[in-house]
Every structure is written in C-alpha cells, then in structure tokens.
Amino acid sequence: AKASTGRHHRRYSPELDDQAGEEARLGVEMRMGLDTGQFRMVYQPIVGLPTGRMLYVESLVRWQHPERGFVSPADFIPVAEQNGLIVELGEWILRTACAQFVAWTAEHGADAPLRISVNVSARQLAEPGFAEVVADALAATGMPPEDLIVEVTETAVFGGGVAVQAVQDIKALGVRIALDDFGTGHSSLGLLQTVPVDVLKVDKSFVDNVTMAGRHAVIATALIQVSNGLGLTAVAEGVETAEQAAELHRLGYQLAQGYHFGRPVAEPDFRGAALTAR
Ligand code: C2E
Ligand code: CA
Ligand code: CA
Ligand code: CA
C-alpha cells in the first residue's frame, strides 16, 4: 500500500493496519538510516533561458536503503513529517547542501552555481526555533545567506500563523524564499499578498502542455506576468523538451529546471557534468 493514502480517514481494516505497520517500520529504518549514513543529496541545475547555462541548483534528498533499494522522497518525506524525524533529517539536509555549495564556490569560483535551493517541509517550518536552525547551518558552513533559497510549499504557509512567522524570521537572516509547486495550492495568488516571497516555482503541470494552445499556456503566461509585476523571479519546473523551453522563453521565462537541462545527480557526477560543461 502507498504510504500517502488513507491517512486522514483511517477506519479499521487489515489493509490499513498493514499500512500503519509499514509506516512504523519505515520510521524505525529511517532512524537507522540517519545514524548509518544512508541518506544523500543530489543536485539539479536551474538554468537561464535561452542559454541553458546553469545559474542556480536545487538540492533533493535520496535514501539508499540496504534492502529496499532506492526509496522515493515522495514516500518517505510524508512519513518523516508524521513521526517528526523530518526535523533531524531536515537539519542534516540544510547543512549538507550549504556545505556542498560552499565547497563548489571555493573550488570553481565563478563557474559554481550562484545560489542553492533547499526544500523545507511544513513540519520543519512549524517547528519552534526553525530560523535558528537555519542560522546555525549558515554559521557552521560559512554559507552566504543571500545565496540560500528556502523552498516552501503553498500548503505549508497556508493559513498564516507560525509558518509565516518562520518565513519572516528566515528572511530577516537575509535568506531568500521560494514558493514551490506554485499555482497548485488553494490560494496561490492570495499568499503573495501576505508571504514575503522572492522566487515562484511554476509547477510542472503548467509547463507540460505549454506548447499547445490552450489553458496551460494561458496560465503559464499569467503567472510570469504576476511574477514580473511583483518583481519576483520565476522558475519553470519540469521542463522536458526543447520545445517547452523555447515556448517558455517566448512567454518571458528567464529560468527553468527539468530533465531537458539535467537530471538530479549526486556528487561527484554533478561536478563532473554540470560544472565542467559550462
Ligand atoms: P519538488 O521539490 O517539487 O522537486 C521536484 C521533483 O521533480 C523532484 O523529484 C525532481 O527530481 C523532479 N523533476 C525535476 N525535473 C523533472 C522533469 O523534467 N520531469 C519530471 N517528471 N520530474 C522532474 P524528487 O527528487 O523525487 O522529489 C519529490 C518531492 O519530494 C519534491 O518535490 C519535494 O517535495 C520532496 N523532497 C525532495 N527532496 C527533499 C528535501 O531535501 N527536503 C524536503 N523537505 N522535501 C524534499
Ligand atoms: Ca522544490
Ligand atoms: Ca516543485
Ligand atoms: Ca512537488
């Protein structure tokens, strides 16, 4: 059973019982995985249009389990959110990504990516003292705050409260904020009035059919206009073809990310491919 279904309406059934057991096992194994170094980070370029030249990079976590093999973050991040392990895992992610960025800058200077994005989940953002965790990671790694982009989802900041306060506290450190999967939430435009955002990551669903005349292209156009009008930076996510990249550029997008430009890869492959190819 997929870990993402049925969590909110749990009735007794043997199948759901299995699912609860599976999540518990995954939680125990994550704990072990954290202690034994089974997690690692991969890095995907964010490029300029139309050049395709890498400008930024997004960090994404991977779990290489000794028996299960590769476990997708789409499966284990929700479990880690529920059992609270995301707090420790998230701290490791932040430090690892920042340390990697600082190392690239030292080694490659102007050829290194200019900024790095780190994903932060709703639970991390709601955790008291999260901004201090970020400040500690910056201090421990020597990461320049203005080169760090913290990616939060619309759902994490929806409803205001502690999450929006956390975003404000992070911004006060000089760190930039990106709204991830932009356009897929319940109040995408409304959030822009209250959350101090720097970067809009326009969701892949608007990019997928952008080359076909129709509603996706209209929405992609509207989103770049909103972004430009507010003085924000837009990144088109999930660009898989040259045609999509060309159309996005025509619509005014200056930044893009996706398999067409480069898949997420681990060090040292990232250094070998993305950095030296520039
Ligand atoms: P996301 O932050 O929206 O990340 C983008 C996802 O799309 C990544 O999947 C990436 O590998 C994938 N992707 C990039 N370009 C393309 C493309 O052209 N086509 C397609 N089909 N996919 C593309 P991934 O790495 O499996 O991560 C899935 C989600 O898990 C992320 O979505 C994010 O919500 C979460 N996640 C991943 N890493 C982290 C992390 O370090 N911390 C937290 N809190 N969440 C993470
Ligand atoms: Ca992201
Ligand atoms: Ca995204
Ligand atoms: Ca996503």
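Keep in mind it's a predicted model, so treat the numbers as computed, not measured. (Residues numbered from 1 in each chain as written. Chains lettered and ligands numbered in written order. Predicted model: local features only at pLDDT ≥ 70, side-chain atom pairs only at ≥ 80, totals over all residues. Heavy atoms only, no water.)

Enquirer: Please clarify how the coordination of the calcium ion (ligand 3) should be interpreted in this entry.
Expert: Geometry sets the ideal angles at a metal, namely 109.5 degrees for four tetrahedral donors and 90 or 180 degrees for six octahedral donors. Asp-180 (OD), Asp-181 (OD), Glu-237 (OE) and Glu-237 (OE) make up the full set of protein donors to the calcium ion (ligand 3), lying at 2.3 to 2.6 Å. The motif formed by the donor residues of the calcium ion (ligand 3), counted along the single chain, is D-D-x55-E. In this structure, the calcium ion (ligand 3) is positioned 4.0 Å from the calcium ion (ligand 2), and both are ligated by Asp-180. Residue Asp-181 is classed as partly exposed on the basis of its relative accessible area, which comes to 29%. (Donors = N, O, S within 2.8 Å, 3.2 Å for Na, K, Ca; no water. Buried < 20%, exposed > 50% of the residue type's maximum accessible area, 1.4 Å probe, protein only.)

Enquirer: Would you mind showing me how to read unusual backbone geometry here?
Expert: Most peptide bonds are trans, and most residues other than glycine sit at a negative phi. That bond from Leu-49 to Pro-50 is cis: its omega, 5°, falls within 30 degrees of zero. Mapped onto the fold, Pro-50 is located in the loop between strand 1 (39-48) and strand 2 (54-65). The amide bond that connects Glu-267 to the next residue, Pro-268, takes the cis arrangement and shows omega of 5°. Within the fold, Pro-268 resides in the loop between strand 10 (265-266) and helix 12 (269-275). Non-glycine residue Asp-181 carries a positive phi angle of around 55°. Take Asp-181: it is sitting in strand 6 (residues 176-182). (Helix = DSSP H or I, 4+ residues; strand = E, 2+ residues; numbered from the N terminus.)

Enquirer: Any chance you could explain the site of ligand 1 here in plain terms?
Expert: Around ligand 1 sit 22 residues, and of these Arg-62, Asn-119, Asp-180, Glu-240 and Tyr-259 come closest. Taking Gln-44, its side chain carries an N or O atom lying 3.1 Å from a nitrogen atom of ligand 1. The backbone of Tyr-259 places a nitrogen or oxygen atom 2.8 Å from an oxygen atom of ligand 1. For the shell around ligand 1, the elements supplying multiple residues, two or more each, are strand 1, strand 2, helix 2 (73-83) and strand 6. (Near = heavy atom within 4 Å. Polar contact = N/O pair within 3.5 Å; in protein donor to acceptor, adjacent residues only side chain to side chain.)

Enquirer: How do you make sense of the packing of aromatic side chains when you look at a structure like this?
Expert: Ring pairs (aromatic) are described by centroid distance and by the angle formed between their planes. Inspection of the entire model under this criterion finds 6 aromatic pairs. Ring plane angle 20° and centroid distance 5.1 Å describe the contact between Phe-39 and Trp-63, whose orientation is recorded as stacked. In this pair, Phe-39 sits in strand 1 while Trp-63 sits in strand 2, placing the two residues 24 residues apart along the sequence. Relative accessible area serves as the criterion here: at 0%, Trp-63 is assigned to the buried category. Aromatic side chains Trp-104 and Phe-270 sit 4.9 Å apart centroid to centroid with 40° between the ring planes, which places their arrangement in the tilted category. One end of the pair, Trp-104, is in helix 3 (residues 85-108); the other, Phe-270, is in helix 12, and 166 residues separate them in sequence. Among the residues examined, Phe-270 registers a relative accessible area of 0% and is labelled buried. The rings of Phe-39, Trp-63 and Phe-76 are connected pair by pair, giving a single aromatic cluster. A cation over an aromatic ring shows up here: Arg-263 above the ring of Tyr-259, its NZ or CZ 3.9 Å from the ring centre. (Phe/Tyr/Trp six-rings, centres within 6.5 Å; stacked < 30°, edge-to-face > 60°. Lys NZ or Arg CZ within 6 Å of the ring centre and 35° of its normal.)

Enquirer: Looking at this structure, how should I read the pairing of strand 6?
Expert: Every other side chain in a regular strand lies on the same face of the sheet, so the side chains alternate between the two faces. Buried residues dominate strand 6, accounting for 5 of its 7 residues. As defined by bridge partners, strand 5 (residues 148-153) adjoins strand 6 across 5 bridges and the pair is classed as parallel. From the neighbouring strand, Val-150 faces strand 6, where its bridge partner is Ile-177. When strand 6 meets strand 7 (residues 199-202), the two strands line up parallel, connected through 3 bridges. (Pairing = 2+ DSSP bridges.)

Enquirer: Where do I start with the nonpolar core in this structure?
Expert: Nonpolar side chains in soluble globular proteins generally cluster together in the buried interior. Core analysis: the largest hydrophobic core is formed by 73 residues, its most contacted members being Ile-116, Leu-125, Leu-148, Val-157, Ile-170, Leu-179 and Tyr-253. With 9 residues, helix 3 is the largest single contributor of residues to this core. Apart from residues lying up to four places away in sequence, Leu-148 is in contact with Leu-94, Cys-98, Ile-116, Val-118, Val-134, Leu-138, Met-143, Val-175 and Arg-176. Within the second largest apolar cluster, 7 residues are counted, among which are Ile-149, Ala-178, Val-199 and Val-235. (Core = buried A, V, L, I, M, F, W, Y, C linked by side-chain atoms within 4.5 Å. Contact = heavy atoms within 4.5 Å.)

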